Amino acid sequence: MAMITTVQQHILQQQKNFSEATGTFSWLLGGITLATKMVAMKIRLAGLSDVLGAYGETNSHGEAQQKLDVYANQALLHCLGLRDSVAALVSEEDDKPVTFNRDAATGKYIIVFDPLDGSSNIDVNVNVGTIFSVLRRMPEADGDLNASILQPGYKQVAAGYVVYGPSTVLVYTTGQGVHCFTLDPAIGAYVLSQEKMVMPYQGPYYSVNEANADGFPEPYRCYLDKLRRGECGGKTYSSRYIGSLVADFHRTLLKGGVFLYPPTEKQPKGKLRLLYEANPLAMIAEAAGGMAMNGRERILDIKPSDIHQRTPFMVGSRCEMEALRDCLK
């Protein structure tokens, strides 16, 4: 009988490829997996306990917080804040980073995260998720802690997400392949279910909120018309849109295709956040053979100017993304 591989075991195996590895990084990711298991438990019991509905306050973006938004944020802050390797935590739900007075030699990492993506879907039992990114703190001679937080995406040392659905799955990369783990409730551990995932070169679906299409710039509308007419690689596409970024991205990773959140007349700078939504998913997409861009440039090349900076976000298989790039020229 083949033995299982947990995410902690997998991370330790991956560390063998890095001579400078000390085990600190695996301890750090252990905090993320613990927090997401706590969130998964709350979601499974959502209809049986008082965790559904609005919390009664708004987050840093003026969006109404759900009770599970608050719980997920508190779980991640608690589980990660206790790790002495963490210098700062940056959450969608908080106006400012949570920083710790830790020496640069000890507090080596910065974690940015969206604690519960797609929370408007909670009350109707649709998939939601957690997105996270890990940055290495820069040497003090190169910049202060704030400069370390505002590094471009290509500086990420790891990125991942969790989808809370029919099963709870965790996907992560350190740039050396993309790996998927499924939470086994019988043993309370994430178990390796797919290793070295590759996004198909071309897929059958495009994913976009077409209710906003009248506000898209013309090149994006033309691109969608081409997909529907079968003018991209000879394939006629179907539309799939869940409205939870993590769930839509996970399908795109597995099946191929393209996810688009273009600029609109109402939101010309885009809606999704660069640091803790676009950057982590872009890193995963590229590590799996896909592409991600904001319409003008590679997502991972953008230098952030604010922790809550927004961006247009297009991500997917190489065939669809190259066709989109041609339309935008």
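Quick caveat, the model's predicted, so the values are computed rather than measured.

Overview of the packing of aromatic side chains
Inference 1: Here the structure, examined in full by the defined rule, presents 3 aromatic pairs.
Inference 2: Each ring, one from tyrosine 161 and one from phenylalanine 249, has its centre 5.7 Å from the other, and the planes form 90°; the classification is edge-to-face. Separated by 88 residues along the polypeptide, tyrosine 161 in strand β7 (residues 156–164) and phenylalanine 249 in helix α6 (residues 245–255) bring together distant segments of the chain.
Inference 3: The buried category is assigned to tyrosine 161, whose relative accessible area is 0%.
Inference 4: Ring geometry for phenylalanine 259 and phenylalanine 313: centres 6.4 Å apart, planes at 55°, overall tilted. Taken together, the positions of phenylalanine 259 in strand β13 (residues 258–261) and phenylalanine 313 in strand β17 (residues 313–316) put the pair 54 residues apart, joining distant regions of the chain.
Inference 5: Accessibility expressed as a relative area gives 2% for phenylalanine 259, which makes it buried.
Inference 6: Phenylalanine 313 gets classed as buried once you look at its relative accessible area, which sits at 0%.
Inference 7: Between the NZ or CZ atom of lysine 42 and the centre of the ring of tyrosine 71, over which it lies, the distance is 5.1 Å.

Concerning the sheet that holds strand β11 (residues 205–207)
Inference 1: Taken in spatial order, the 5 strands of this open sheet run β12-β11-β13-β17-β15, and their pairing is mixed. Each edge of the open sheet is held by one strand with a lone partner, namely β12 (238–239) and β15 (291–293).
Inference 2: Sheet topology note: the β13/β17 ladder contains 4 bridges and is antiparallel. Bridge assignment links leucine 260 to a residue of β17, and that residue is methionine 314.
Inference 3: Helix α8 (residues 318–328) contacts β13, β15 and β17 of the sheet and is inclined by roughly 30° relative to β15.

What to know about helix α1 (residues 7–15)
Inference 1: Taken together, the buried positions of α1 are occupied by Val7, His10, Ile11, Gln14 and Gln15. The buried residues of α1 all sit within an arc of 145° when viewed along its axis, so they share a single face.
Inference 2: Turning to α1, the residues buried within the fold contact α2 (24–44), β8 (168–173), β9 (178–184) and β10 (189–194).

A short note on the environment of threonine 99
Inference 1: By secondary structure assignment, the location of threonine 99 is in strand β4 (residues 98–99).
Inference 2: Taking relative accessible area as the criterion, threonine 99 reaches 47% and is therefore assigned partly exposed.
Inference 3: With 10 residues separating them along the chain, threonine 99 and leucine 89 place their C-alpha atoms 6.4 Å apart.
Inference 4: Each residue touching threonine 99, except ones within four places of it in the same chain, is listed here: Ala87, Ala88 and Leu145.

Some remarks on the packing of helix α5 (residues 218–229) against α8
Inference 1: It is the contact of α5 with α8, at a shortest axis distance of 9 Å, that shows an interaxial angle of 140°. Comparing the axis directions of α5 and α8 gives the class oblique. Relative to α8, α5 is oriented so that their crossing is right-handed. Judged by residue contacts, Pro219, Tyr220, Tyr223 and Lys226 of α5 engage Glu320, Met321, Ala323, Leu324, Cys327 and Leu328 from α8.
Inference 2: When the residues that make up the contact of α5 with α8 are grouped by side-chain class, the tally is 8 nonpolar, no polar and 2 charged.

Overview of the sheet that holds β10
Inference 1: Taken in spatial order, the 8 strands make up an open sheet running β4-β3-β5-β6-β7-β8-β9-β10, and their pairing is mixed. Here the strands that pair on one side only, and so sit at the sheet edges, are β4 and β10.
Inference 2: Two elements, strand β5 (residues 109–117) and strand β6 (residues 128–136), share 7 bridges in a ladder whose sense is antiparallel. Bridge pairing in β6 places tyrosine 109 opposite arginine 136.
Inference 3: Along the sheet, α6 contacts β5, β6, β7, β8, β9 and β10; its crossing angle with β7, the most-contacted strand, is approximately 105°.

Quick notes on the packing of α6 against helix α7 (residues 274–287)
Inference 1: Between α6 and α7, the least distance of the axes is 12 Å, while the angle of their chain directions is 10°. If you check the angle between α6 and α7, you find them roughly parallel. You can see that α6 and α7 cross each other, and the crossing is right-handed. Across the interface between the two elements, Leu245, Phe249 and Leu253 from α6 touch Glu277, Leu281, Ile284 and Ala285 from α7.
Inference 2: Of the residues that constitute the contact of α6 with α7, the class distribution is 6 nonpolar, no polar and 1 charged.

Conventions and cut-offs
- Note on numbering: residues in each chain are counted from 1, in written sequence order.
- Totals for whole chains, interfaces and linings use every residue, but because this is a predicted model, local features are given only for residues with pLDDT of at least 70 and side-chain atom pairs only at 80 or more, for both listing and counting.
- For side-chain calculations, the full set of non-hydrogen atoms in the structure is used, while hydrogens and water are omitted.
- The criterion for an aromatic pair is that two Phe, Tyr or Trp rings (for Trp, the six-membered ring) have centres within 6.5 Å, with stacked assigned to planes under 30 degrees apart, edge-to-face to planes over 60 apart and tilted to the rest.
- Each helix is a run of DSSP H or I of at least 4 residues and each strand a run of E of at least 2, with the numbering of both proceeding from the N terminus.
- When a residue's accessible area, from a 1.4 Å probe over protein chains only, is under 20% of the maximum for its type it is buried; when over 50% it is exposed; and in between it is partly exposed.
- The rule for a charge over a ring is simple: NZ of Lys or CZ of Arg within 6 Å of the ring centre, and within 35 degrees of the ring normal.
- Pairing between two strands is assigned when DSSP locates at least 2 bridges connecting them.
- Here, residues are in contact when the closest pair of their heavy atoms is within 4.5 Å.
- Axes, fitted as lines to C-alpha atoms, cover a helix only where it is in contact. Angles between the N-to-C directions of the axes lie from 0 to 180 degrees.
- Note that the arc is defined by the directions from the helix axis to the C-beta atoms.
- If an angle is under 35 degrees, it is roughly parallel; if it is over 145, roughly antiparallel; if it lies from 65 to 115, roughly perpendicular; otherwise it is oblique.
- In this scheme the crossing of two helices becomes right-handed for a clockwise turn of the near helix relative to the far one and left-handed for an anticlockwise turn of less than a right angle.
- Each residue gets one label: Ala, Val, Leu, Ile, Met, Phe, Trp, Tyr, Cys and Pro are nonpolar, Asp, Glu, Lys and Arg are charged, and the others, such as Gly, are polar.

By themselves, these observations are geometric and do not establish any function.
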